[in-house]
Amino acid sequence: MEKEQQPGRRTVLSAAVLSAAGTGAVALGPAGSAQAAPAEAAGAPAAARAGRHRHHELPVPAVVAHRGTSGYRPEHTLGSYQLALDMGADVIEQDLVPTKDGHLVCRHENDITATTDVADHPEFASRKTTKSVDGTELTGWFTEDFTLAELRTLRAKERIPETRQHNTLYDGRWRVPTFEEVLDWAEAEGRKRGRRIWLHIETKHPTYFRGLGLGLEKPLAKLLRRYGRHKADSPNFVQSFEPSSIQRLGRLVHCPGVVLLSTADSRPWDFVEADDPRTVADLITPEGLKWIAGFARGIGPTLELVIPRNADGTLGEPTDLVRDAHAQKLVLHPYTVRNENTFLPVDHRRGDDPNAYGDAFGVFRRYFATGIDGLFSDNCDTALLAAAAFRDED
């Protein structure tokens, strides 16, 4: 059965500060409360120094624009981010990968075959190669084989044109943005709108890139510090599927970290490399969540860890993950709700066209009712309407 929410859970998302005994920078209070701890000297650990700040409040449930408005524009472009902001998204996501010369750019993957027009550039034909990335063999073109100047000659395009044919209208409109360009954009939009622009920033394949001498954490921390977004009350989260990346970032910046969690039987790649036998199933136990809470302030589980699908593809019953994570004062931002039938549970599909919209509102409500603090969506306008309707039920 769906569990009743705690009072006030739908109202706000704010930061509570850990005591000096903790190892993370900031704890996001799951009931919308904020508890300050004494600030320590500048030389103290990040967890102690973080006590000087609070986060600006976010609504609960919050809507995170997944790669921008990737349901309407090619993902990870300034056009996708701008539309998400104009629609009213609470937080906008960036995935970061490096170029050959160490610049951080926004792509969901370092394989840019499907998201740029690189295949149309004969001057880069020889760059096509096969690589093993986190145990998966991929053939294509990769950001780490291009300088930033070379990457700037490419244009972004729709990743899944067979599903989102209307997005192909915008193929070639934007180039691949650097993360610094996104920070400049966020600062300019913040001044224009008189409020802070929230970002959800992911390090992609950090162990893989560290092995290439292109570690992500230090360049990311340097940029966050340059823009004053490294503090406990800065309007951004840092996230990764590799817990060790969040631990590394926790030693460099004070903004809250989020551990992303894939399917229960999967293992984070840093665990694979370190011969750590734990799986995601181990990390979502009360003991595993307690371990995560020692250095992170939230988790980003795949939706099926919150409400699994039955064998026939319909939505099942909620797990205890929300309850157990909140018991450790962890915020939950599951991923990803999309409007198209092909992505929806069978009992929320409408008609026979896999690319047509189904009952996304019904899916949003089912997940919001579990007590999550927010979620990722490719269609943030739909998500925002669903979140507003859910809050109005109080």
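Our structure is the block above this text.
The model shown is predicted, which means the values in this text are computed figures rather than measured ones. Along each chain, the written sequence defines residue order, and numbers are assigned to residues from 1. Owing to the predicted nature of the model, reporting of local features is limited to residues with pLDDT of at least 70; listing and counting of side-chain atom pairs is limited to 80 or more, with chain, interface and lining totals taken over all residues. In computing side-chain properties, one takes all heavy atoms of the structure into account and sets aside hydrogens as well as water.

A. Molecular detail of the layout of surface pockets. Here the largest pocket is characterised by a volume of approximately 650 Å³. Only protein atoms enter the 1 Å grid used here, on which a cavity is any set of points holding a 1.4 Å probe that cannot leave and a pocket is any open set flanked by protein within 12 Å on both sides along at least five of seven lines; residues with an atom within 4 Å of a point are listed as lining. In this structure, the largest pocket is lined by 33 residues; those nearest its centre are E202, K204, F241, S262 and Y335. Helix and strand assignments come from DSSP, with helices taken as H or I runs of at least 4 residues and strands as E runs of at least 2, each series counted from the N terminus. Mapped onto the lining of the largest pocket, the elements with two or more residues apiece are strand 4 (91-98), strand 8 (199-203), strand 9 (236-240), strand 10 (257-261) and helix 11 (303-306). When residue character is reported, Ala, Val, Leu, Ile, Met, Phe, Trp, Tyr, Cys and Pro are called nonpolar, Asp, Glu, Lys and Arg charged, and the others, Gly included, polar. Grouping the amino acids of the lining of the largest pocket by side-chain chemistry returns 11 nonpolar, 10 polar and 12 charged. Grid points are joined across faces, edges and corners, and a volume is the space filled by probe spheres set on the points. Quantified by volume, the second largest pocket comes out at close to 210 Å³. Forming the walls of the second largest pocket are G102, H103, L104, L148, R152, T178, F179, E180, P219, K222, L223 and R226. Elements supplying a minimum of two residues to the lining of the second largest pocket: helix 4 (179-193) and helix 6 (217-226). Here the lining of the second largest pocket takes four residues from helix 6, the largest share from any one element.

B. Quick peek at the packing of aromatic side chains. Centre distance within 6.5 Å is the pairing criterion for rings of Phe, Tyr and Trp, where only the six-membered ring of Trp is used; planes under 30 degrees apart are then read as stacked, over 60 as edge-to-face, and the remainder as tilted. Tallied over the full model, the rule gives 10 aromatic pairs. Measuring from ring centre to ring centre gives 4.9 Å for W291 and F295, while their planes differ by 75°; the resulting arrangement is edge-to-face. We classify W291 as partly exposed; its relative accessible area is 29%. Taken together, the ring pairs connect F271, W291 and F295 into an aromatic cluster. Positioned over the ring face of Y170 is R73, at 4.0 Å from the centre of the ring. The rule for a charge over a ring is simple: NZ of Lys or CZ of Arg within 6 Å of the ring centre, and within 35 degrees of the ring normal. The lysine or arginine in question, R127, covers the ring of F146, its NZ or CZ lying 5.1 Å from the ring centre. For every residue, the accessible area obtained with a 1.4 Å probe (protein chains only) is divided by the maximum for its type, and the residue is called buried under 20%, exposed over 50%, and partly exposed between those limits.

C. Representation of the pairing of strand 4 within the structure. In terms of residue burial, strand 4 counts as a mostly covered element, since eight of its eight residues are buried. With burial as the criterion, each face of strand 4 is covered, one bearing V91, E93, D95 and V97 and the other bearing I92, Q94, L96 and P98. Alignment of strand 4 against strand 8, held across five bridges, turns out to be parallel. Directly across from Q94, in strand 8, lies its bridge partner I201. Two successive antiparallel strands, strand 4 and strand 5 (residues 104-106), enclose a turn made up of five residues, where G102 displays a positive phi of approximately 85°. Pairs of strands are assigned from DSSP output, requiring at least two bridges between the strands.

D. Seen up close, empty space enclosed by the protein. Inspection of the entire model under this criterion finds two cavities of 30 Å³ or more. Size it by volume and the second largest cavity reaches roughly 50 Å³. Around the second largest cavity, the lining residues are L303, R309, T336, V337, R338, F343, L344, P345, V363 and Y367. Class assignment of the residues belonging to the lining of the second largest cavity gives a composition of seven nonpolar, one polar and two charged.

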